[in-house]
Amino acid sequence: MADYTKDDERLIAERFDDLIAACEEKGVFRYDDDRALVSRAFEVALEAHKGVRRRSGEPYITHPIAVARICVVEIGLGTKSVVASLLHDVVEDADISVEDVSRMFTPKIASMVDGLTKISGVFNADTSEQAESFRKMLLTLLDDVRVILIKIADRLHNMRTLGAMPREKQVKITSETIYLFAPLAYRLGLHAIKSELEDLSLKYRFPDEYNTIEAKLEETKQRHAALIERFDEPIIARLKENGVDFEISGRVKSVYSVWRKMQTKQLPFEDIFDLFAVRIIFRPSPVISERTQCWYIYELVTDIYPSRPDRLRDWITYPKANGYEALHTTVMGPEGLWVEVQIRSERMNEVAEQGVAAHWKHNYLTEDEELTTDEKFDNWLGRIREALSSPTESAVDFLDNFQRSLYIGEIVVFTPKGESRHLQKGATVLDFAFDIHSKLGLKAIGAKINHKMESIYTQLKSGDQIEVLTSKSAAPTVEWLDHVATSKAKNYIKNYLRRNRQESIEHGRELFEARMAELGITPSARVFRKLLPAYGSSTKDEFYRNLGAGVITLDGLQDILRQNSASKYLKFWTLFQGNKSERDNGMVVGRRDWEEDDGQEGKSGGGQRFEIAECCIPIPGDDVTGYRDPVSGKIIVHKTSCSELTRLASSHGENIVTGIRWSSHKAMSYLSIVSLQGIDRVGILLDLVGVITGELNINIRELKIQSHDGIFEGEISLYVTSTDDLNAVIAKIKKIKGVDKAQRINS
Ligand code: MN
């Protein structure tokens, strides 16, 4: 740990001067001693990290300075946040305690630094340190949202410098980023940062895909530059004619958003439309409301270009939960090019870019520079508070629930009197009822949705009008828990069940779920099929009740899960970890027959045991990453792109195993499923079987075909040796007359 060189010192001074300049430019220093406070924090941090370097080789102090700079320039925070950013790693890395910070600075700053310091200390071996750290961080959100904003800045800088990290760390960090930080940034309205976090995650997870899309976007941009100019021209003329004071700018979608669309819609790059967005930002006229002006501009634009009625997004009447306001429409430009037009006022644009922070700056900044919140944000915080206060949830559960609350969008529904309620996507009649009043929820038996009778489990859509029907004799059951999305409803139902006869069932369920969460296992239907007979129960409730009442214990749980964990989904497989020479040392790890579930484990020469993940069923050719199952010690092999893997990596990152590759053993075959769709005609089945078994000589394991109204749909399970092989089969199938679609499932 050598001291810094002259060059290092020059670099440090340069970076700090740059931070001070940014503070001055942004008007961060509001009080006389603000500047001195920041300098003092810098001195303390410099001393604390003395001689330490980052993996990139730069002096460590450049990191806190960069985080502080992001807070100022990209988020718009003030002095206290700059000070806390500079000090954010001192407690963890140096001999300075939170109390010391409180003495040297203020108790407020000390509590912010405390919130930024990761949990340390002894952990129960079964709980996830990662998940606990998040929980702690999110708890601070309730006191001071700035802590989270600084944490996001910290993450952004770490992502920008991720190239220096080893592969395992990259997987763990990008998983956390994509699972939690990007949605959190989105939820707090930090659009630019969210987008950058997503792009950076993609860049490190799938560098090839990232580079390909980036290059194609650049090429498309150049090709369309003239076209966009032609598109803008009449709009500019028309708006000027009508006295609108505005700016117009083009914007290409982010690499990540294109990639996601390609994934979810299974489309090639060329087929993704509205790659282009044009943004009109106007300075509001003092006499007309911003809202009216948005619609006025919309009218002028759609008067020139025809709009797609199904693509109008009105976030003016109903702003997004993160405060985003704008009017979006997609119009048909010259040469049939779809262009998304976003219309915003200057104020709306600032909120769109800096989110929550901009909102406060405009309306709610009090003298003490404390950030107070507005009503909508308070609602969201309230929901988090509810989730956090649920005592039964383990840290991992909490993380999953919280993550869900970030990702899912919102719907707007109406009471019979026309009052609007915001609920999360996936909410049911029960959620709606509990949102209005717990009494309504507890007595609900059904609902009239848009005047039609529906069950309490029905999922709601935006625009629905709901009248909840009640009955005195109605009461919640355990089953209700599977049909609610909000933690509010969940907590009311759980409380009711706890108070009532079902107490032991609920208690058993909690015991079980806590244990499963500790083990990092998702209690799937498959898990229950194994467990129930082993515990002599025929239903989940019976199992829970026996467990809750102490009739049975979970002592043998791991053994039961281990015994039955033999897989049912693969025939032959070969995986190895490391390089080619290791593979040649005989790291062939599995040979098992599909039909005979004899429970024997595949063993590798190096003692590694692998199992194919059931959620994504990778086959040779797929990019894979392992997850070490804490119960069996086996390495479950997922596709690197698998969302379940991402979830696991963000709470149990220590179990990630990288460097797993497929070896090519042509003779072995792998099960894969292809879904089909097409026009039904006589003889199509025969053609299918003929092509697959005859021409290609591939084994079909199962063939399911359904036909209705002249359309057929089906699934073929077949054994192939690689993705190349599978693609060849799919290409052949597609050529059969009448087949419209054929694609791999679970990809
Ligand atoms: Mn840091």
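Model, not experiment: these values are computed from the prediction. (Residues numbered from 1 in each chain as written. Predicted model: local features only at pLDDT ≥ 70, side-chain atom pairs only at ≥ 80, totals over all residues. Heavy atoms only, no water.)

J.: What is the right way to read the overall build of the protein from this model?
T.: In terms of regular secondary structure, the protein is built from 29 helices and 22 strands. Across the protein, every contact between residues at least 6 apart in sequence was considered, and the portion connecting residues at least 24 apart equals 66%. Total accessible area on the protein is roughly 34900 Å²; 48% of this is exposed by carbon and sulfur atoms. (Helix = DSSP H or I, 4+ residues; strand = E, 2+ residues; numbered from the N terminus. Contact = heavy atoms within 4.5 Å. Areas by Shrake-Rupley, 256 points an atom, 1.4 Å probe, with all protein chains shown as cover.)

J.: What's the story with the coordination of the manganese ion in this structure? I'm lost.
T.: Ideal donor angles around a metal are set by the shape: a four-donor tetrahedron calls for 109.5 degrees, a six-donor octahedron for 90 or 180 degrees. Coordination of the manganese ion by the protein comes from His63 (NE2), His88 (NE2) and Asp154 (OD), over a distance range of 2.2 to 2.3 Å. Between consecutive donor residues of the manganese ion, the sequence gaps follow H-x24-H-x65-D. In this pair, His63 sits in helix α3 (residues 62-75) while Asp154 sits in helix α9 (residues 145-160), placing the two residues 91 residues apart along the sequence. Per residue, the accessibility class of His63 equals that of Asp154, and both read buried. (Donors = N, O, S within 2.8 Å, 3.2 Å for Na, K, Ca; no water. Buried < 20%, exposed > 50% of the residue type's maximum accessible area, 1.4 Å probe, protein only.)

J.: I'm lost on unusual backbone geometry in this one. Help?
T.: Glycine aside, negative phi is the norm for most residues, and most peptide bonds take the trans geometry. Despite not being glycine, Asn450 shows a phi value in the positive range, around 50°. Turning to its location among the elements, Asn450 is positioned in the loop between β8 (444-449) and β9 (452-454). With phi around 70°, His451 is a residue other than glycine that occupies positive phi space.

J.: Looking at this model, I keep getting lost on the sheet that holds strand β19 (residues 670-679). Mind explaining?
T.: One key point about sheets: their strands pair by backbone hydrogen bonds, in either a parallel or an antiparallel sense. Read across the open sheet, the 4 strands follow the order β20-β21-β19-β22; overall the sheet is antiparallel. Of all the strands in the sheet, the pair left with one neighbour each is β20 (700-708) and β22 (739-744). If you compare each strand with its neighbour and ignore which way they point, the axes differ by 15° on average. Contacts from helix α29 (residues 723-735) reach β19, β21 (711-720) and β22, with the element oriented near 170° to β22. (Pairing = 2+ DSSP bridges. Axes fitted to C-alpha atoms, helices over the stretch in contact; angles between N-to-C directions.)

J.: Explanation requested: the packing of helix α10 (residues 167-187) against helix α11 (residues 191-205) in the structure shown.
T.: Each pair of packed helices can be described by the angle between their axes along with the distance between the axes. Packing of α10 against α11 brings their axes to within 9 Å, and their N-to-C directions diverge by 155°. With respect to their mutual orientation, α10 and α11 come out roughly antiparallel. Note on packing geometry: the crossing formed by α10 with α11 is left-handed. Where α10 approaches α11, its residues Arg167, Gln170, Thr174, Thr177, Ile178, Phe181, Ala182, Ala185 and Tyr186 are matched on the opposing element by His191, Ile193, Lys194, Leu197, Glu198, Ser201, Tyr204 and Arg205. For the contact of α10 with α11, the per-class residue count stands at 8 nonpolar, 5 polar and 4 charged. (Parallel < 35°, antiparallel > 145°, perpendicular 65-115°, else oblique. Left-handed = near helix turned anticlockwise from the far one by under 90°. Nonpolar A, V, L, I, M, F, W, Y, C, P; charged D, E, K, R; others polar.)

J.: When you look at the packing of aromatic side chains in this model, what are you seeing that I'm missing?
T.: In total, this model carries 13 aromatic pairs according to the counting rule given. Centroid distance Phe512 to Phe543: 5.3 Å. Interplanar angle 85°. Geometry classified as edge-to-face. Here Phe512, found in helix α22 (residues 503-519), pairs with Phe543, found in helix α24 (residues 540-548); they are 31 residues apart in sequence, far enough to count as distant. Take Phe512: its relative accessible area is 0%, and that puts it in the buried class. (Phe/Tyr/Trp six-rings, centres within 6.5 Å; stacked < 30°, edge-to-face > 60°.)

J.: Would you mind showing me how to read empty space enclosed by the protein here?
T.: To find the voids left in a structure, one rolls a probe of water-molecule size over its atoms. Tallied over the full model, the rule gives 3 cavities of 30 Å³ or more. Computed from the structure, the largest cavity encloses a volume of approximately 90 Å³. In this structure, the largest cavity is lined by Arg167, Gln170, Val171, Thr174, Ser175, Tyr204, Arg205, Thr625, Thr640, Leu645 and Thr646. Looking at the lining of the largest cavity, the elements with two or more residues in it are α10, α11 and α27 (643-651). With 5 residues, α10 is the single largest residue contributor to the lining of the largest cavity. When we break the lining of the largest cavity down by domain, the ones giving at least three residues each are domain 1 (6-204) and domain 5 (586-662). (1 Å grid on protein atoms, 1.4 Å probe; cavity = no way out; pocket = protein on both sides within 12 Å on 5 of 7 lines; lining within 4 Å. Points joined across faces, edges and corners; volume = space filled by probe spheres on them. Domains from an automatic or database assignment.)

J.: How should the environment of Asp314 be read in this particular structure?
T.: Among the structural elements, Asp314 can be located in strand β3 (residues 313-314). For the pair Asp314 and Thr329, spaced 15 residues apart in the sequence, the C-alpha separation amounts to 8.7 Å. In this structure, Asp314 is in contact with Trp295, Ala326 and Leu327, ignoring residues within four places of it in sequence. Within the local environment of Asp314, its side chain forms a polar contact with the backbone nitrogen of Ile316, the two atoms lying 2.9 Å apart. In this structure the side chain of Asp314 is engaged in a polar contact, spanning 2.4 Å, whose partner is the side chain of Thr317. (Polar contact = N/O pair within 3.5 Å; in protein donor to acceptor, adjacent residues only side chain to side chain.)

J.: Which parts of the structure should I look at to understand the nonpolar core?
T.: Soluble globular proteins tend to bury their nonpolar side chains together. In terms of nonpolar packing, the biggest core is built from 64 residues, with Val82, Leu86, Leu87, Val101, Phe105 and Ile152 touching the most fellow members. A per-element tally of this core places α9 first, with 9 residues. Leaving out residues up to four positions away in the same chain, Leu86 has contacts with Leu19, Val38, Ala41, Phe42, Ala45, Pro64, Ile65 and Ala68. Within the second largest apolar cluster, 44 residues are counted, among which are Phe432, Ala489, Tyr496 and Ile560. (Core = buried A, V, L, I, M, F, W, Y, C linked by side-chain atoms within 4.5 Å.)

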